[in-house]
Amino acid sequence: MIQYLLSIGTDKINHSGVSLLSHLIGTKNILEDWNSPEHLCNAGLFHSVYGTEYFRVKKTTGKDIETVRSLIGEKSEYLVWAFCSMLRKDFEKLASEGTPSFVRSFAGNIKITLEPEDVSDLCNITVANLLEQLPRLPKESQALANRLVGLKAHIMPKAYDSLTQYIERGNL
């Protein structure tokens, strides 16, 4: 998996002050520290490889998606695609209110259907993603951690504990 990430240049792309590869590995490591299932750790390793609403990379092709799916599995790749495609404000609303069961894509009028397990998995990836990069982000960006505390119902206890410990240490 790392070899593929290197082959697409993630070690040369800047992401929050480190290489994208370093960020992806760091996010996966956090998920592993929380004893997350393998599909979630794999999704964490690739979570922004297609680019996101806020982090743009080259346009993804069908071949890219097929390759990633063959490396990490269908469930993991669906989480990666959803994480990369979704409008964050839709997702935060869905996660906090519980309805509807879909979010919109930032790239068009695509509806991304999410099962309750998908919402939980995406919430855990979101928290791991943020915690990995928070030490490098400007203070004004770090207020997002306070918003993510509202995802408590969807995230693993270890994820919630990591998030609240970061806040309590006065890092915000």
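Residues numbered from 1 in each chain as written. Predicted model: local features only at pLDDT ≥ 70, side-chain atom pairs only at ≥ 80, totals over all residues. Heavy atoms only, no water.

1. Details of unusual backbone geometry
So, step 1. For Ser16, which is not glycine, the phi torsion reads 50° and is therefore positive.
So, step 2. Residue position: Ser16 is located in the loop between β1 (14–15) and β2 (18–19).
So, step 3. At Asn35, a residue that is not glycine, the phi angle is positive and equals roughly 60°.
So, step 4. Tracing the chain through its elements places Asn35 in the loop between α2 (20–33) and α3 (38–46).
So, step 5. Given the relative accessible area of 56%, Asn35 is considered exposed. (Helix = DSSP H or I, 4+ residues; strand = E, 2+ residues; numbered from the N terminus. Buried < 20%, exposed > 50% of the residue type's maximum accessible area, 1.4 Å probe, protein only.)

2. As for helix α7 (residues 116–133)
So, step 1. Between its first and last C-alpha, α7 extends 26 Å over 18 residues, near the 26 Å set by a 1.5 Å rise per residue.
So, step 2. Along α7, 15 of the 18 residues are buried, which leaves the element largely enclosed by surrounding structure. (Expected span 1.5 Å × (residues − 1).)

3. A few points about the nonpolar core
So, step 1. The biggest cluster of nonpolar side chains holds 48 residues, and the ones touching the most others in it are Trp34, Phe46 and Leu114.
So, step 2. Considering every element that reaches this core, the biggest residue donor is α7, with 8 residues.
So, step 3. Setting aside its immediate chain neighbours within four residues, Phe46 contacts Met1, Tyr4, Leu5, Leu24, Val68, Leu71, Ile72 and Val80. (Core = buried A, V, L, I, M, F, W, Y, C linked by side-chain atoms within 4.5 Å. Contact = heavy atoms within 4.5 Å.)

4. Regarding the packing of α7 against helix α9 (residues 157–168)
So, step 1. Taken N-terminus to C-terminus, the directions of α7 and α9 make an angle of 35°; their axes are 10 Å apart at the nearest point. For the pair α7 and α9, the sense of crossing is left-handed. Of the residues in α9, those in contact with Asn124, Val127 and Leu131 of α7 are Ala159, Ser162, Leu163 and Tyr166. (Axes fitted to C-alpha atoms, helices over the stretch in contact; angles between N-to-C directions. Left-handed = near helix turned anticlockwise from the far one by under 90°.)

5. Remarks on the packing of aromatic side chains
So, step 1. In this structure the tally under the stated criterion is 2 aromatic pairs.
So, step 2. Here the aromatic rings of Tyr4 and Phe46 are separated by 6.2 Å at their centres, their planes lie at 20°, and the arrangement is stacked. Of this pair, Tyr4 sits in helix α1 (residues 2–7) while Phe46 sits in helix α3, placing them 42 residues apart in sequence.
So, step 3. Measuring from ring centre to ring centre gives 5.8 Å for Tyr78 and Trp81, while their planes differ by 40°; the resulting arrangement is tilted. On the criterion of helical spacing, the pair formed by Tyr78 and Trp81 is a turn pair, its members being 3 residues apart in helix α5 (residues 74–85).
So, step 4. Under the relative-accessibility criterion, Tyr78 is labelled partly exposed at 29%.
So, step 5. The partly exposed category is assigned to Trp81, whose relative accessible area is 25%. (Phe/Tyr/Trp six-rings, centres within 6.5 Å; stacked < 30°, edge-to-face > 60°.)

6. Describing the packing of α5 against α7
So, step 1. Viewed as axis vectors pointing N to C, α5 and α7 meet at an angle of 65°, and their least axial separation amounts to 10 Å. Taken as a pair, α5 and α7 cross one another with a handedness that is right-handed. Side by side, α5 and α7 meet where Lys75, Tyr78, Leu79, Ala82 and Phe83 of the first sit next to Glu117, Asp118, Asp121, Leu122, Ile125, Thr126 and Asn129 of the second.

No statement about biological role is implied by the geometric values presented.
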